[in-house]
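An overview of the molecular structure
This is what each chain is made of:
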Amino acid sequence: MEQFTPDKIRNVVLLSHSGAGKTSLSEILLFSAGAIPRLGKVDEGNTTSDYDPDEVKRRISINLSVLPFTWKGNKINMLDTPGYSDFVGEVKSAMRVCEGAIILIDATSGIEVGTEEVWSYCKEPQMPRFIFVNKMDRENADFSRVTESLQSKFGQQCIPLQLPIGAHNDFTGIIDLLTLKAYSGNPPKETEVPAQLKPQVDSARLKLVEAIAGIDEKLIEKYLGDEPLTQEELDAGLKTGVKTGKIVPILTGSALKSIGIQALSDAIVTYLPSPKECLVEAIDKQGTQKITPSANGPLAALVFKTSADPYVGKLTYFRVFQGTISSNSQVWNSGKSEQERIGQLYLARGKNQEPVQSISTGDIGVVTKLNFTGTGDTLTIKEKPVKLPPIIFPTPIYAGAVTPKTKADLDKLSSSIARTLEEDPTLRVRREADTYETILSGMGETQLEVVVERMQRKFGVGVKLDVPKVPYKETVTASADGDFRHKKQTGGHGQFGHVTLEVSPLPRGSGIEFVDAVVGGAIPRNYIPAVEKGVNEAVQSGILAGFPVVDIQAKVYDGSFHPVDSSDICFKIAGAGAVKKAMADARPILLEPIVKLKVTVPESYTGDIMSDLNNKRGRVGGITPQDGSNVIEAEVPQAEILRYAIDLKSLTQGRGRYTYEFSHYEEVPTFVAQKIISEREKEREAARAEKE
Ligand SMILES: Nc1nc2c(ncn2[C@@H]2O[C@H](COP(=O)(O)OP(=O)(O)O)[C@@H](O)[C@H]2O)c(=O)[nH]1
Ligand SMILES: [Mg+2]
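To start, this report covers the structure provided alongside it. (Residues numbered from 1 in each chain as written. Chains lettered and ligands numbered in written order. Predicted model: local features only at pLDDT ≥ 70, side-chain atom pairs only at ≥ 80, totals over all residues. Heavy atoms only, no water.)

Comments concerning the site of ligand 1
Close to ligand 1 lie 17 residues; G19, K22, S24, D43 and D137 are nearest. Between T23 and ligand 1, the recorded distance is 2.9 Å, taken from a side-chain N or O atom to an oxygen atom. The side chain of S24 places a nitrogen or oxygen atom 2.6 Å from an oxygen atom of ligand 1. Contact with the protein chains hides 86% of the accessible area of ligand 1, taken as 570 Å² for the molecule alone. When residues in the shell around ligand 1 are grouped by element, the largest group, 3 residues, is from helix α1 (residues 22-32). (Near = heavy atom within 4 Å. Polar contact = N/O pair within 3.5 Å; in protein donor to acceptor, adjacent residues only side chain to side chain. Areas by Shrake-Rupley, 256 points an atom, 1.4 Å probe, with all protein chains shown as cover. Helix = DSSP H or I, 4+ residues; strand = E, 2+ residues; numbered from the N terminus.)

What follows is the structure, encoded as structure tokens:
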């Protein structure tokens, strides 16, 4: 592929609710531009974009893919993204490296949850965008209904640039409202505007021209003076309108029937901004600057995706914002402060890579086998280093426990998790010390299932995915004494240790406190550390259900010893025994983690959410209205929201969002505690049986 100057490139991201036709549209765009020799189908699992086995199997996009094609002397880098909300990380990455977006809408279903979601992503920062009303060939496709709902939901800036000719089986082409040309057939031919559509076309054109005139003072003067605007003026005005977000043109077509496809490519080139027109922020020694997208400037390239290929190794996708990067060169990773060796550079199209000598400002490329670089890093030069603002990802909300299936899997687990995390910045991993579980968290259940399958396929590591255990704890609510005498006669000399102590409750968060209050040498000084050790070991596993004990004081105040038979080990055993006896009498209870939960839902769901939280033993702290939604804040036991991503989806048809963070520990109510204790007992019995 030849090199393109920044003014001849368009980086465009496809966004929509899942299933609106992004992948199909990108495939037909590639095909109609002659970039691919045969047209794949999502339903046959052979599209250029969805090449990953996970995608082929599920028939949905999971990864972003870069799909370049040339169109009338320009290069369009189309970025296809997943519509499924679990994979929002890919959407954020793709958006960060594009100057424009196309939001697809299914002409039969209209605005969906995912449409609102991606619309909100495009608002900050303001992203120049088109709307493409797809699937006009389907029964019940209704362009005017979709247009009206777009205008009432998102505002009057959504204005048709095209009108469809017919709908459903009679959908044959589109009319461009600026040139007043109609296109129908495949391949499209210029035709007359059908006579019966004339009045509709005239009124739609009037609205569009009026909106364009409103963009620029000179244009509005001319327009009000009844002077006709030239095509150049209209194009330039619309381009400014798109760039500033004052106009969001609505286009239409059918990805499946290949209608409106070439007109879409034309509109991308004519109305969406090129990298040359967009200054970006970069941080250097002097602070934040706007950098000009010049191919000769110092290098600034942002890494927006990392993927692990089982054969090639690590693939690093980057977008050049300034300068040029060359094969077989050295670059500087400004975030990691490391020199990075660049081998062969490639241009990617789906899974295919074409080697190139260099990649210049505005374009997107791939390099393999980098040592230090990860998603979000800036590649630059050491003499003039800059940092591009990183990609902002949402915090994980859904956790699963991963357990290796075999010993061999265990050995490979941590390295394969590390590589998986590199691929997906919306994942986190941590070890839950109390439950000994490895907790993987992300955006939803499907994402974690895909991760687990991928670990098997890419790294040959088998893991099981379970709902995580809750890290319960135990404590006491009263003071009590415990007395334990360890005495044994074995052969020669015997064993003797005797400890008396008092256990009492401490405030939440105090941990374990050991106090030595022995007077008169009842236990000799040198044995006290052994007693403390015994106490500390015993509180690792409480007497109710074996959970770790917290927030107690153990005060040793008496005991006895034997001049020959006593030893450290004897006093350790006595200390442990005494503290267990005391705890049993000190009214022990279970504690559970409570989280602060924040749920954002459209107002109408507020009642359902509140009653569900009530069933989940939640305490609602407040409800705050926020742009037509309500933000409900509540304290809820962690045990009740382990699968909240799934519950909220079904309660709100996917319209709800939530975040949470750990808050504190609280006593488990008795009726719940009994269940936990008996379940835990069963678990421990099973574990014992397995050992034997
Ligand atoms: N009838 C019709 N079906 C379409 C059209 N575009 C896509 N589809 C179908 O809609 C489904 C989802 O398409 P896909 O491209 O995977 O949507 P994505 O999730 O947005 O990538 C597939 O079964 C496609 O064949 C279209 O223009 N007309
Ligand atoms: Mg797709």
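Some remarks on the sheet that holds strand β5 (residues 129-134)
Here 7 strands make up an open sheet; going across it, the order is β2-β3-β1-β4-β5-β11-β6 and the pairing mixed. Of all strands in the sheet, those with a lone pairing partner are β2 (65-71) and β6 (158-160), marking the two edges. Sheet twist, expressed as the average angle between the axes of neighbouring strands with direction ignored, equals 30°. In the sheet, β6 pairs with strand β11 (residues 248-252) via 3 bridges, with the strands oriented parallel. Within the sheet, the bridge partner assigned to P160 lies in β11 and is I250. (Pairing = 2+ DSSP bridges. Axes fitted to C-alpha atoms, helices over the stretch in contact; angles between N-to-C directions.)

As for the packing of α1 against helix α9 (residues 261-271)
Interaxial distance between α1 and α9 falls to 10 Å at its minimum, and their mutual angle equals 85°. With respect to their mutual orientation, α1 and α9 come out roughly perpendicular. Between α1, through L25, I28, L29 and S32, and α9, the contact on the second element is made entirely by I261, Q262, L264 and S265. Of the residues assigned to the contact of α1 with α9, the class counts are 5 nonpolar, 3 polar and no charged. (Parallel < 35°, antiparallel > 145°, perpendicular 65-115°, else oblique. Contact = heavy atoms within 4.5 Å. Nonpolar A, V, L, I, M, F, W, Y, C, P; charged D, E, K, R; others polar.)

Here's the deal with the environment of I381
Along the chain, I381 falls in the loop between β23 (378-380) and β24 (398-404). Considered as a pair, I381 and Q322 are 59 residues apart in the sequence and their alpha carbons are 11 Å apart. Once you skip the residues sitting within four places of it in the chain, I381 turns out to touch P298, L299 and W332.

Some details on the coordination of the magnesium ion (ligand 2)
Looking at the magnesium ion (ligand 2), one finds its protein donor set to be T23 (OG1) and S61 (OG), positioned 2.1 Å from the metal centre. Of this pair, T23 sits in helix α1 while S61 sits in the loop between α2 (53-58) and β2, placing them 38 residues apart in sequence. By the burial criterion, T23 is buried, and S61 matches it. (Donors = N, O, S within 2.8 Å, 3.2 Å for Na, K, Ca; no water. Buried < 20%, exposed > 50% of the residue type's maximum accessible area, 1.4 Å probe, protein only.)

Some points on the pairing of strand β12 (residues 280-284)
In terms of strand pairing, β12 meets strand β13 (residues 287-291) through 5 bridges, oriented antiparallel. Residue pairing in the sheet places V280 in a bridge with I291 of β13. Two successive antiparallel strands, β12 and β13, enclose a turn made up of 2 residues.

Section: the nonpolar core
For soluble globular proteins, nonpolar side chains are generally found buried alongside one another. Judged by nonpolar contacts, the single largest core of 133 residues is most densely connected at L25, L79, F130 and I131. When residues of this core are assigned to their parent elements, the largest contribution, 7 residues, is made by α9. In contact with L79, other than residues within four places in its own chain, are V12, V13, L14, L64, S65, V66, A94, V97, C98, F304 and I364. Formed by 27 residues, the second largest nonpolar core is a distinct cluster that contains V476, V535, A574 and V579. (Core = buried A, V, L, I, M, F, W, Y, C linked by side-chain atoms within 4.5 Å.)

Geometric descriptors of this kind do not, in isolation, establish any biological role.
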